[in-house]
Amino acid sequence: MKARLLIMGCFLAVSSILFSQGAYAQDKALVNTEESHHAVLESVDMGSVQWTKGFWADRFEVCRDSMIPHLWKIYHDPKISHAFTNFMIAAGLDTGVHVGPPFHDGDFYKLLEGVAAVYAITRDPRLDTMMDNAIAVIARCQRPDGYIHTPTLIEERNHPGQSAAFQDRLNFETYNMGHLMTAACVHYRATGKKTLLAVAIKAADYLSAFYQHSTPQLARNAICPSHYMGIVELYRTTHNPAYLELAKNLIDIRGMVNNGTDDNQDRVPFRDQTVAMGHAVRANYLYAGVADVVAETGDDSLKHCLDAIWKDVTEHKLYITGGCGALYDGVSPDAVSYDPTRIQEVHQAYGRDYQLPNTTAHNETCANIGNMLWNWRMLLTSGDARYADVLEQSLYNSVLSGVSLDGNRYFYTNPLRASRKFPYTLRWAGGRQEYIALSNCCPPNLARTIAEVADYMYCINKKGLYLNLYGGNTLKTSGIALREETEYPWDGKVAITIAEAPATAFSLFLRLPGWCHGASVRVNGKQVPLSPVLGYAELHRLWKSGDVIVLELPMPAVLMEANPLVEETRGQVAVRRGPVVYCVESPDLGAGEAVASVALPSKIDLQPTPMSIGKSRMMALTGHAYLLPASDGRLYQELPATAPKAITIKLIPYFAWANRGASDMSVWMDLYR
C-alpha cells in the first residue's frame, strides 16, 4: 500500500506538465476502453450515431427539447433550486449560504454532462455557450489546491477557519467530484475543450494527495462512489497512472475500519463480498467503478466478486422491470445479529433473496441507471450479450419510467404497484414532480442517460462491429457507415443497410436478445444460418455498399411468473413483449373496475394495438380477461361465490404509467385458470 501511494505521488508531480502539453486520448467514446488491455469491446465515438426516426429518436427529441432546457432553467432559478446559485456564491459572484442537499453539485455536473452529450449529436452552438458560461463559474469556485465542494467552500467564505474537508461522510464530496470528472471527460470528448477537464484534473490531484496522507477512518468518509468511475475515466483521458493507482487504492481501503456498514458496502473488504448489499445506488456505482478497474488491470479477484454479485442480483434481487433496491428501510440481511446493539440499518437498499415487494418497492431511478452503468462495463470487459440484456431490461422499463412522457416530471422511486387507497403515505409518494426538493438527483441522471443512449448502440473491436441495442439511426465509424431502420421495441424487424465498408472482410455481430426465441437473419434476401456465441450472431464477409441485412426478432406477448419464493407474486403473472414490461392502469378500466380485481387467463391472446398518450406513440396490448369480485375492505373475508366478469383489457408499457393523472397501477396481475 505504501509503495502504491509513493507511485501516486510521483505521477502527480507531472500531471500539470501533461495537461499543458495536451497529451490526452483522442478517442471520443463515452466510456473510452480503446487502450484498456482487458476490455473486449470499445464504444464508438460520441456523435457517430445520429437518430433518424422511431422510438429513440422520439425520446432523444424530448430530452433535447424538454428535459435539458427545463432542468437547466430550474437549476438556475434560486427560488426553486440553488444548484447553480451555490456555485455563484462559492465563486464570490453572489452572497448567501448553501441551500439544498450536499450532493447538489453532483446534480448540476450530471446535467452538464447531459448537455455535452446532446451537443455531441446536435452541435448546437447555444449548448456550447451554455456550457462555457457555467464552466467559467465552476472553475472560479475551485481552491488553489484543487478542492471543490460548494457546501464547504461557502462555509469557508462566510466563516473562515471554521470548516474542513471530509469531516462528514454524508457530505458527498467525492461523489460530487466523481460526477465532475465524468462530466469533464464527456465535455472534452464532445467539444475538444479542456476548460472543465482542467478543473477535474486539479480535483483528482487533490484527492490523490489526500488519500496518500489520510487515515482509513477519514478516507472512508465517502459514500455513493461515483468517483471510482470518474477517476478511471480521467485516467483513460489523461494517461496519468496516478489516477488508476488511486482507483485501485479506493477499492483496497474499503473494509479497513471497525465500524463499516453494509449500507455503504464497507463492512468487509470488497474482495470478500459476493452478494449485493446495502444502498442500491451506492452499490451499483461501486460495482460499475470496480468493473472499470478490471478493464484496466484484469484483476481476477475483483472480477470474481463482480461475477458473484451480478449472479446474486440477477437471480435473487432484480425486479422484472430491471429495478434495483427493494427496501425503503430495513435491517441488513448480511450483518444480522441477535445482539440489538449490532443490528445494522439499511435504506433504499437491496434486501434478502427474493424479497421483492411491489407497492413498497423502492427502485430509485438512480439505482436503475447505476445498474445500466454496471452492466455496460461488464459488457465491455466480456463481450457477453447477457449484460446487454440486463441493460436493456432496465433502460426500457425502470429507467424510462422515471420521467414523464413530456420530459418535465419525474419519479424518485419506481414501484410495481400503486393504489390510491394504500393505508399510509410512502416517503416518496405523490406522483411525478417537476422538482424533487429533498433529492433531485434522479432528473439530471435521467437527462444524461437518455442523451447518451446513442453511445450504447454499437461497439467495435478488431473483429468488427457489434450491434447491442436497436433503433432507427445512422452510424459512421472506423470506415463503416450504415443505416438502421426499425420500429423496435414495438416491432422486431430490424433492417440494416451498408452505406460504406472497408476493402477487407469484417464481421457484424447482431445481438439476439435473451427474451427472443426463433430469431432469423437474411442478407440480401437470403436466409443465413445462426450460431450465436455469447448472445451475438456473427456475420463475416466482404461487405459492400448497398448490402442489406434484415434481422427478425419475434416478440409475442408472453405471461411471466416469478420464482415461488417471491411471496408477493404467488399466483400472479406479469406481461412482457420484447424488452417492454406492461402494466394495467386504472384509466384503461371502466367505472367501478379496480386494478386489484383484474385477472388474466393463462391462454390469453394479447394483441398489439397502437395508441398514444399525449404526443408519445406506443404499442398497447389488448385481450379478453376477467374481473374478480372486489374485496369488501375487511382484513379477511369468505371467498365470494360471484362469478368473475369477462372484460376487454388494455395493458400499457410500464414506463408510460402515471401520465394521465392520479391512478392505480399494477405490473403483476392475478392468474385465472
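Residues numbered from 1 in each chain as written. Predicted model: local features only at pLDDT ≥ 70, side-chain atom pairs only at ≥ 80, totals over all residues. Heavy atoms only, no water.

## Observations concerning the layout of surface pockets
Rolled over the atoms, a probe with the dimensions of a water molecule shows which regions are left empty.
Then step 1. Here the largest pocket is characterised by a volume of approximately 1000 Å³.
Then step 2. Residue lining of the largest pocket: 36 residues in total, with Ala 594, Ala 596, Ser 597, Ala 630 and Ser 631 positioned closest to the centre.
Then step 3. Partitioned by chemical class, the residues of the lining of the largest pocket number 18 nonpolar, 12 polar and 6 charged. (1 Å grid on protein atoms, 1.4 Å probe; cavity = no way out; pocket = protein on both sides within 12 Å on 5 of 7 lines; lining within 4 Å. Points joined across faces, edges and corners; volume = space filled by probe spheres on them. Nonpolar A, V, L, I, M, F, W, Y, C, P; charged D, E, K, R; others polar.)

## A word on the side chain of Lys 317
Then step 1. With respect to the helices and strands, the residue Lys 317 is situated in helix α14 (residues 300-317).
Then step 2. Reaching out from Lys 317, the side chain makes a polar contact with the side chain of Asp 312 at a distance of 2.8 Å.
Then step 3. Aside from chain neighbours lying at most four places away, what touches Lys 317 is Val 275, Ala 276, Asp 312, Gly 323, Tyr 350, Gly 351, Arg 352, Asp 353 and Leu 356. (Helix = DSSP H or I, 4+ residues; strand = E, 2+ residues; numbered from the N terminus. Polar contact = N/O pair within 3.5 Å; in protein donor to acceptor, adjacent residues only side chain to side chain. Contact = heavy atoms within 4.5 Å.)

## What to know about the nonpolar core
Then step 1. Counting residues in hydrophobic clusters, the biggest one holds 226 residues, and the most contacted among them are Ile 148, Phe 270, Ile 549, Ile 649 and Val 667.
Then step 2. For this core, the leading source of residues is helix α3 (residues 55-75), giving 12 residues.
Then step 3. With near-sequence residues (within four places) excluded, Phe 270 lies in contact with Ile 251, Arg 254, Leu 286, Tyr 287, Val 290, Leu 302, Cys 305, Leu 306 and Ile 309. (Core = buried A, V, L, I, M, F, W, Y, C linked by side-chain atoms within 4.5 Å. Buried < 20%, exposed > 50% of the residue type's maximum accessible area, 1.4 Å probe, protein only.)

## Observations regarding empty space enclosed by the protein
Then step 1. Inspection of the entire model under this criterion finds 2 cavities of 30 Å³ or more.
Then step 2. Estimates place the volume of the largest cavity at around 160 Å³.
Then step 3. Glu 113, Thr 182, Leu 373, Arg 377 and Arg 448 are, among the 16 residues lining the largest cavity, the residues nearest its centre.
Then step 4. Contributions of two or more residues to the lining of the largest cavity are made by α8 (173-191), α11 (226-238) and α15 (365-382).
Then step 5. Considering only residue class, the lining of the largest cavity consists of 7 nonpolar, 3 polar and 6 charged.

## Description of unusual backbone geometry
Then step 1. With an omega of 10 degrees, the peptide bond between Tyr 488 and Pro 489 qualifies as cis.
Then step 2. Its place among the elements puts Pro 489 in the loop between β9 (480-486) and β10 (493-500).
Then step 3. For Phe 172, which is not glycine, the phi torsion reads 60 degrees and is therefore positive.
Then step 4. In the Ramachandran plot, Ser 478 falls in the positive-phi region, its phi being about 45 degrees despite a non-glycine side chain.
Then step 5. Of note, Ser 478 is situated in the loop between β8 (473-477) and β9.
Then step 6. Exposure remark for Ser 478: the relative accessible area of 55% places this residue in the exposed category.

## Focus: the side chain of His 187
Then step 1. Position of His 187 relative to the elements: it lies in helix α8.
Then step 2. With sequence-adjacent residues up to four places away left out, His 187 is seen in contact with Ala 116, Met 131, Ile 135, Gly 192, Lys 193, Thr 195 and Leu 196.

## Let's talk about the sheet that holds β9
Then step 1. Across the sheet, 7 strands lie side by side as β2-β8-β9-β10-β15-β12-β13; this open sheet has antiparallel pairing. Both outer strands of the open sheet, β2 (49-51) and β13 (526-528), are each paired with one neighbouring strand and no more. Between one strand and the next, the sheet's axes are offset by a mean angle of 20 degrees, whatever the strand orientation.
Then step 2. Note that strand β12 (residues 520-523) and strand β15 (residues 548-552) share 4 bridges and pair antiparallel. Looking at β15, one finds that Val 521 is bridged to Leu 551. (Pairing = 2+ DSSP bridges. Axes fitted to C-alpha atoms, helices over the stretch in contact; angles between N-to-C directions.)

## Notes on the environment of Cys 583
Then step 1. The topology assignment puts Cys 583 in strand β18 (residues 580-585).
Then step 2. Given the relative accessible area of 0%, Cys 583 is considered buried.
Then step 3. What Cys 583 contacts, discounting residues up to four positions off in sequence, is Leu 651, Ile 652, Pro 653, Tyr 654, Trp 657, Met 665, Ser 666 and Val 667.

## Some details on the packing of helix α5 (residues 104-122) against helix α6 (residues 125-141)
Then step 1. Contact geometry of α5 with α6 gives a least axis separation of 10 Å together with a crossing angle of 150 degrees. Taken together, the axes of α5 and α6 are roughly antiparallel relative to one another. When the axes of α5 and α6 are compared, the crossing they make is left-handed. Where α5 approaches α6, its residues Phe 108, Tyr 109, Leu 112, Val 115, Ala 116, Val 118, Tyr 119 and Thr 122 are matched on the opposing element by Leu 127, Asp 128, Met 130, Met 131, Ala 134, Ile 135 and Ile 138.
Then step 2. Residue composition of the contact of α5 with α6, by class: 13 nonpolar, 1 polar and 1 charged. (Parallel < 35°, antiparallel > 145°, perpendicular 65-115°, else oblique. Left-handed = near helix turned anticlockwise from the far one by under 90°.)

## Section: the environment of Arg 420
Then step 1. Within the element layout of this structure, Arg 420 appears in the loop between β5 (417-418) and α17 (442-451).
Then step 2. Separated by 365 residues in sequence, Arg 420 and Phe 55 place their C-alpha atoms 31 Å apart.
Then step 3. The contact partners of Arg 420, leaving out residues within four places of it in the chain, are Ser 586, Ala 662, Ser 663 and Asp 664.
Then step 4. In terms of polar contacts, Arg 420 uses its side chain to reach the side chain of Ser 586, at 3.5 Å.

## Description of the packing of aromatic side chains
Then step 1. A complete count under the given rule lists 29 aromatic pairs for this structure.
Then step 2. Geometrically, the ring pair formed by Phe 166 and Phe 210 is stacked, given 4.3 Å between the ring centres and 20 degrees between the ring planes. You can see Phe 166 sitting in the loop between α7 (150-158) and α8 and its partner Phe 210 sitting in helix α9 (residues 195-213), a full 44 residues away along the chain. An identical accessibility class is assigned to Phe 166 and Phe 210; each is buried.
Then step 3. Taking the centre distance of 6.4 Å and the plane angle of 10 degrees together, the rings of Tyr 206 and Phe 210 count as stacked. Of this pair, Tyr 206 and Phe 210 both sit in helix α9, 4 residues apart, which is roughly one turn of that helix.
Then step 4. The class for Phe 210 is buried, based on a relative accessible area of 14%.
Then step 5. Over the aromatic face of Phe 411 sits the side chain of Arg 432, whose NZ or CZ is 4.1 Å from the ring centroid.
Then step 6. Sitting over the ring of Trp 543, Arg 541 keeps its end group 5.1 Å from the ring centre. (Phe/Tyr/Trp six-rings, centres within 6.5 Å; stacked < 30°, edge-to-face > 60°. Lys NZ or Arg CZ within 6 Å of the ring centre and 35° of its normal.)

## Focus: the pairing of strand β20 (residues 607-613)
Then step 1. Here β20 pairs with strand β21 (residues 616-627) via 7 bridges, running antiparallel. By the bridge assignment for β21, Gln 607 is matched with Thr 622.
Then step 2. In textbook terms, the turn of a hairpin is the stretch between consecutive antiparallel strands, and for β20 and β21 this stretch comprises 2 residues, one of which, Gly 614, has a positive phi near 65 degrees.

Without other data, these values stay purely geometric and don't point to any function.
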